Amino acid sequence: MSVQPHFNGSAVPHDWAGRYYHIDQILNAPGPRTDPAFLAGDEVKDFLRNQVKILVIGAGGLGCEILANLALTGFKDIHVIDMDTIDISNLNRQFLFRQKDVGKSKATIAAEFIMKRVPGVKVTPYHGKIQDKDDDYYMQFNIIICGLDSVEARRWINATLVNLVDPENPESLKPLIDGGFKGQARVILPTITSCYECSLDMLNKPTAFPICTIANTPRLPEHCIEWASVLEWPRIHGDKKLDTDDPEHITWLYKAAAARAHEFNIEGVNWSLTQGVVKNIIPAIASTNAIIAASCCNEAFKIATSSAAYLNNYFMLIGTDGVYSYTFEHEKRDDCPVCGGEALDLSISSNTTVEQLIEMLVEKQDIQIKKPSLSTPTKQIYLQAPPQLEEATRPNLSKKILELVPAGGEITVTASTLPFSLSLRINYT
Amino acid sequence: MIKIWSMKKNEDAAAKKKPKTSAAQIRVQKDLTELDLPATMKTHFSDPADLLNFSLTITPDEGMYRGGAFVFSFAINANYPHEPPKVKCTQKIYHPNVDLEGNVCLNILREDWKPVLNLNSIMVGLQYLFLEPNADDPLNKEAAMEMSKNRDVFLQHVKQSMRGGSVKGIQYDSVIAR
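Residues numbered from 1 in each chain as written. Chains lettered and ligands numbered in written order. Predicted model: local features only at pLDDT ≥ 70, side-chain atom pairs only at ≥ 80, totals over all residues. Heavy atoms only, no water.

> Would you explain the state of the cysteines in this entry?
Residue and element names in this part refer to chain A. Scanning the entire structure with this criterion turns up 1 disulfide over all chains. Its sulfur unpaired, C64 is 12 Å from the next cysteine sulfur, which belongs to C297. Left unpaired, C297 is separated from the closest cysteine sulfur, that of C296, by 6.5 Å. (Disulfide = S-S within 2.5 Å.)

Encoded structure:
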């Protein structure tokens with residue numbers, strides 16, 4: 001697809017004189033504190049504008065801002081993923097969308113808008129889930145920026161990028177810049193700095209009310225909505241799953257919650273609160289989005305160009321009373337389930353049985369594992385407990401590892417003596 | 001380009017990676033293989049290859065629910081341990097903290113869940129509900145009221161319901177341990 005650039009109504013070459021005047025102030029000469037490795041001039045400009053491929057995950061509140069900022073900074077090969085479609089309630093802050101776009105793919109519309117507005121920038125949309133894409137897809141990018149509202153999606157992309165790192169191939173290390181509309185921005189260098197999973201216990205837990213309160217003594221509109229979704233929906237609909245993206249389901253919940261609220265003289269149940277409670281929607285503020293997106297894009301620019309030191313590694317914006325920000329280094333956790341723990345390359349004879357491997361692990365002086373349980377990503381090899389699973393996996397003890405794990409395959413080992421887990425890469429001699 | 005990159009593009013695609021075990025999956029493996037359950041609790045996996053869905057049978061050896069076998073279903077999703085497992089009682093039982101649909105009022109299953117807790121803590125918590133039912137957090141209001149008002153009648157109701165009898169017009173499932 002060719003995009004015909006226009007400037008004041010007439011076609012112009014993509015890079016007209018002075019297009020990047022302000023950006024070039026930074027890239028033309030090193031500053032007093034730039035990294036000695038920074039090569040000012042055409043090479044870095046060419047890298048930024050013609051070689052870097054960047055992926056934006058999420059084309060919502062943060063995503064729209066991020067896409068606009070990247071395009072205007074000079075990134076020209078941008079990919080964007082979003083599984084959502086545009087809702088009318090997005091239009092107040094997701095400024096790449098118009099009323100006529102309601103119901104269409106966020107990724108597609110955002111890409112079209114940016115390409116129309118910023119000449120020479122190619123934005124490749126994908127309307128779907130990040131989980132649809134494999135390692136080869138993520139391998140093609142230099143930098144990945146996330147503007148997500150879901151913990152689950154963040155955990156997935158974080159684990160994927162940590163696992164992508166191949167010590168033999170420096171290209172496999174993809175900096176991940178994560179923005180959150182509660183006001184945080186962070187830089188994750190997978191396997192080098194702390195990862196998203198390292199700080200999982202810092203997250204606020206999802207709001208949940210005691211089930212006995214919502215069943216018996218509701219006092220808040222939220223209690224009525226939770227009652228409708230947690231207790232009433234399964235009671236009436238049995239095994240039919242509640243789809244929080246289905247407006248008819250939300251309407252059903254809203255009606256049930258409103259009736260209960262009426263019964264208990266509680267005010268404030270309405271359709272959008274119902275949707276907000278069941279989808280766990282956190283109110284987003286347009287100005288916070290803009291600041292966090294700017295911070296993320298600033299990091300992407302610094303990482304791509306080496307023109308200045310990048311964020312190390314966690315930035316928080318607190319905008320409740322004026323503008324206050326705090327930056328700190330979140331530490332890597334040794335027992336992090338994703339980036340912590342050890343990975344060992346193990347060369348064994350192709351005749352080795354599972355039982356022999358377990359003995360090897362127990363006897364290995366440097367790890368000293370007691371009662372290890374073993375699995376591959378797709379199946380259990382041997383579990384020490386509970387009794388039923390021990391029994392079910394016991395026949396594997398006499399099998400050869402080769403029958404269960406291909407060369408180069410991975411075995412996850414857990415044991416109470418390990419901080420979390422140990423990952424073994426198996427090769428055969 | 002920060003230093004972690006080499007300027008030259010490496011043309012070779014990285015070696016095909018195998019699917020990796022997810023953090024939730026590893027954590028569940030760790031939780032399950034380190035369970036420290038008393039003889040009164042037993043897990044059952046209808047598909048031993050699926051660690052994320054299983055049931056737990058509690059057979060209290062003391063208290064007013066002694067002699068019963070209570071079966072709970074556990075469903076764990078990919079966001080474990082950020083989110084707690086979904087636990088339900090699969091039988092219709094007469095208990096102040098369990099409603100007729102099998103919902104369970106146990107604080108660590110909802111509002112007090114933390115990722116540092118594990119499957120063992122939930123199982124111990126469930127067993128505790130049978131040793132010390134809590135009339136202050138009722139899900140079955142009738143039962144809770146009876147328990148605080150008239151303990152002897154409540155005890156009778158418990159026995160009756162566990163045999164599959166009905167209490168106040170509601171028929172309960174027989175849960176007598178075989």
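Next, the rest of the story.
> Please explain the interface of chain B and chain A as it appears in this structure.
Size of an interface, as often reported, equals the accessible area lost when the parts are brought together. Taken together, the contact between chain B and chain A spans 53 residues of the former and 76 residues of the latter. Of the roughly 5,500 Å² buried where chain B meets chain A, counting both sides, 58% is carbon and sulfur surface. Here chain B and chain A share 1 salt bridge between them. In this assembly, chain B and chain A are joined by 12 residue pairs in polar contact (both at pLDDT 80 or more). Contributions of two or more residues to the side of chain B that touches chain A are made by α1 (23-33) and β1 (41-44) of chain B. The greatest single-element share of the side of chain B that touches chain A, amounting to 9 residues, is contributed by α1 of chain B. Tallied by class, the residues present in the side of chain B that touches chain A amount to 24 nonpolar, 11 polar and 18 charged. (Contact = heavy atoms within 4.5 Å. Buried area = accessible area lost by both parts, 1.4 Å probe. Salt bridge = Lys/Arg side-chain N within 4 Å of Asp/Glu carboxyl O. Polar contact = N/O pair within 3.5 Å; in protein donor to acceptor, adjacent residues only side chain to side chain. Helix = DSSP H or I, 4+ residues; strand = E, 2+ residues; numbered from the N terminus. Nonpolar A, V, L, I, M, F, W, Y, C, P; charged D, E, K, R; others polar.)

> Which parts of the structure should I look at to understand the UniProt feature "domain: UBC core" (unreviewed entry) in chain B?
Mapped onto this structure's residue numbering, the UniProt feature "domain: UBC core" (unreviewed entry) falls at residues 23-167 of chain B. Helix makes up 31% of residues 23-167 of chain B and strand 15%, whereas the separation of the span's terminal C-alpha atoms amounts to 45 Å. (UniProt positions renumbered as here; feature names shortened; annotations may be inferred.)

> Honestly, the packing of helix α2 (residues 42-51) of chain A against helix α11 (residues 286-305) of chain A in this entry has me stumped. Any pointers?
Geometrically, a packed helix pair is captured by the angle between its two axes and the distance between the axes. Residue and element names in this part refer to chain A. The geometry of α2 relative to α11 is characterised by a closest axis approach of 10 Å and an angle of 130° between their N-to-C directions. Classed by the angle they form, the pair α2 and α11 counts as oblique. Crossing angle aside, the handedness with which α2 passes α11 is right-handed. When α2 is examined against α11, the residues V44, F47 and L48 are found in contact with a partner set consisting of F301, A304 and T305. Broken down by class, the residue content of the contact of α2 with α11 amounts to 5 nonpolar, 1 polar and no charged. (Axes fitted to C-alpha atoms, helices over the stretch in contact; angles between N-to-C directions. Parallel < 35°, antiparallel > 145°, perpendicular 65-115°, else oblique. Left-handed = near helix turned anticlockwise from the far one by under 90°.)

> I tried to follow the UniProt feature "domain: E2 binding" (unreviewed entry) in chain A on my own but got confused; where do I start?
Mapped onto this structure's residue numbering, the UniProt feature "domain: E2 binding" (unreviewed entry) falls at residues 346-429 of chain A. Secondary structure across residues 346-429 of chain A comprises 25% helix and 25% strand; the distance between its end C-alpha atoms is 10 Å.

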